[in-house]
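Each chain, written out:
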Amino acid sequence: MHLLFPEVCILCQKPLGEGEEHICAGCFNDFNPFPSVLAGGAALKSTVRAHFGEKAVPAAAWCLYPYRSRGSLHEAMHAMKYGGLFPLGELFGKRLGELICQGGVPVGFDAIVPVPLHHLKRIERTYNQAEALARGMAGLIGLPVATRSLERCVYTGTQTGLGLEARRENMAGAFRPGRERCPARVLLVDDVLTTGATMVSAAKVLKAAGAVEVAFATVALTEKE
Ligand SMILES: [Zn+2]
């Protein structure tokens with residue numbers, strides 16, 4: 001294990017201190033988290049509102065970091081998604097769980113639902129980063145992870161570089177209810193929210209399948225550049 005994951009920070013290569021895993025405290029600070037629990041949630045909601053209107057805005061939302069397409073957070077997220085650094089998903093999930101447990105917003109959910117990947121994409125990537133996030137959060141919040149309440153039925157290409165209209169079209173009909181019953185109060189989780197097209201589309205399907213409330217939680221929120 002030491003050869004695969006030597007005990008240095010994956011970003012600055014400095015030796016990790018007591019209790020640090022994969023990313024050192026200094027690098028975590030460099031990610032520039034939102035100043036408060038409410039600020040991150042409000043920023044996420046306002047992005048969804050701007051693109052999809054008031055009706056699409058989730059009742060509750062949490063987000064850790066503003067995201068730019070360069071810099072150390074981008075590097076870490078990229079390593080989590082494509083670089084095979086699976087444990088980073090759980091690590092960010094724990095951070096997100098801590099944020100949610102900090103309070104400021106009432107927490108009352110039945111399950112965490114990670115945004116699913118199409119099964120072919122899952123094979124290609126070998127794991128779903130949203131599921132790893134959900135697992136990291138689950139222990140802290142004390143909620144089950146429901147991976148079979150929602151399915152991705154359309155293989156969509158990468159959304160990166162697409163405008164709002166293209167993202168909307170890409171996502172229309174991308175999800176369907178899964179084999180298991182949908183929990184009533186859902187905490188929907190994904191890594192990055194850009195326009196909200198993916199999560200809004202997933203939430204619509206969950207609601208049609210019986211969810212009465214769908215809150216959003218993401219590690220990062222893309223900043224307008
Ligand atoms: Zn570091």
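Cut-off values and rules
- Residues numbered from 1 in each chain as written.
- Predicted model: local features only at pLDDT ≥ 70, side-chain atom pairs only at ≥ 80, totals over all residues.
- Heavy atoms only, no water.
- Core = buried A, V, L, I, M, F, W, Y, C linked by side-chain atoms within 4.5 Å.
- Buried < 20%, exposed > 50% of the residue type's maximum accessible area, 1.4 Å probe, protein only.
- Helix = DSSP H or I, 4+ residues; strand = E, 2+ residues; numbered from the N terminus.
- Donors = N, O, S within 2.8 Å, 3.2 Å for Na, K, Ca; no water.
- Tetrahedral: all angles 85-135°; square planar, octahedral: opposite > 155°, others 65-115°.
- UniProt positions renumbered as here; feature names shortened; annotations may be inferred.
- Axes fitted to C-alpha atoms, helices over the stretch in contact; angles between N-to-C directions.
- Left-handed = near helix turned anticlockwise from the far one by under 90°.
- Contact = heavy atoms within 4.5 Å.
- Nonpolar A, V, L, I, M, F, W, Y, C, P; charged D, E, K, R; others polar.
- Pairing = 2+ DSSP bridges.
- Domains from an automatic or database assignment.
- Buried area = accessible area lost by both parts, 1.4 Å probe.
- Salt bridge = Lys/Arg side-chain N within 4 Å of Asp/Glu carboxyl O.
- Polar contact = N/O pair within 3.5 Å; in protein donor to acceptor, adjacent residues only side chain to side chain.

Enquirer: For this particular structure, what's the right way to read the nonpolar core?
Expert: Nonpolar side chains in soluble globular proteins tend to end up buried together. The biggest cluster of nonpolar side chains holds 43 residues, and the ones touching the most others in it are I23, W62, F92 and L187. Broken down by secondary-structure element, the contributors of at least two residues to this core are α1 (25-30), β1 (61-67), α3 (72-81), α4 (87-101), α6 (129-141), β5 (185-193) and β6 (213-222). Membership of the second largest hydrophobic core comes to 30 residues, among which are V115, F175, V214 and F216.

Enquirer: Hey, could you run me through the coordination of the zinc ion in this one?
Expert: Ideal values differ by geometry: the angle at a metal is 109.5 degrees with four tetrahedral donors, but 90 or 180 degrees with six octahedral donors. Note on the zinc ion: its protein donors are C9 (SG), C12 (SG), C24 (SG) and C27 (SG). The metal-donor distances range over 2.2 to 2.4 Å. Because the angles between the 4 donor atoms bound to the zinc ion fall within 106 to 117°, the donor set is best described as tetrahedral. Sequence spacing of the donors to the zinc ion: C-x2-C-x11-C-x2-C. With a gap of 12 residues between them, C12 in the segment before α1 and C24 in the segment before α1 connect regions that are remote in the sequence.

Enquirer: Explain the UniProt feature "domain: Phosphoribosyltransferase" (unreviewed entry) in the protein here, please?
Expert: UniProt records the feature "domain: Phosphoribosyltransferase" (unreviewed entry) at residues 185-220, using the numbering of this structure. Taken end to end, residues 185-220 is 33% helix and 47% strand, and its first and last C-alpha atoms sit 22 Å apart.

Enquirer: When you look at the packing of helix α7 (residues 164-171) against helix α8 (residues 197-208) in this model, what are you seeing that I'm missing?
Expert: How two helices pack is summed up by the angle between their axes together with the distance between the axes. α8 packs onto α7 with a crossing angle of 35° between their chain directions and a minimal axis gap of 9 Å. With respect to the hand of their crossing, α7 and α8 are arranged in right-handed fashion. Note on element contacts: α8 touches α7 through A197, T198 and S201, opposite R167, R168 and M171. Here the contact of α7 with α8 is built from residues that sort into 2 nonpolar, 2 polar and 2 charged.

Enquirer: Even after reading the chapter, I still don't get unusual backbone geometry, so can you show me in this structure?
Expert: Most peptide bonds adopt trans geometry, and most residues besides glycine take a negative phi value. Its identity as a non-glycine residue notwithstanding, Q13 has a phi of 65°, on the positive side. On the secondary structure map, Q13 appears in the segment before α1. The residue H22 is not glycine, and still its phi comes out positive at about 65°. By the secondary structure assignment, H22 is in the segment before α1.

Enquirer: What is the right way to read the sheet that holds strand β2 (residues 111-114) from this model?
Expert: The strands that make up a sheet are held in pairs by hydrogen bonds between backbone atoms, and each pair lies either parallel or antiparallel. Across the sheet, which stays open at both edges, the 4 strands sit in the order β1-β6-β5-β2 with parallel pairing between neighbours. This sheet does not close on itself; its edge strands, each paired only once, are β1 and β2. Shown here is a sheet whose adjacent strand axes are inclined to one another by a mean of 20°, direction ignored. In this structure, β5 lies alongside β6, joined through 8 bridges in parallel fashion. Its bridge partner lying in β6, V186 is registered against V214. Helix α2 (residues 37-52) rests against β1, β5 and β6 of the sheet, and its axis sits at about 85° to β1. α4 rests against β1, β5 and β6 of the sheet, and its axis sits at about 125° to β1.

Enquirer: Mind showing me how you'd approach the domain arrangement of the protein here?
Expert: Many analyses report the size of an interface as the accessible area lost when the parts associate. Domain annotation for the protein reports domain 1 (1-30) and domain 2 (35-222). Each of domain 1 and domain 2 was reduced to a C-alpha centroid, and the two centroids are 25 Å apart. On the side of domain 2, 12 residues touch domain 1, which itself brings 8 residues to the contact. On the domain 1 side of the interface with domain 2, the three residues burying the most area are I10, L11 and F28, jointly 52% of the side's total. At the junction of domain 1 with domain 2, the criterion picks out 1 salt bridge. Of the charged contacts in the structure, one is a salt bridge between K94 and E21, with a shortest N-O distance of 3.4 Å. There are 1 residue pair in polar contact (both at pLDDT 80 or more) connecting domain 1 and domain 2.

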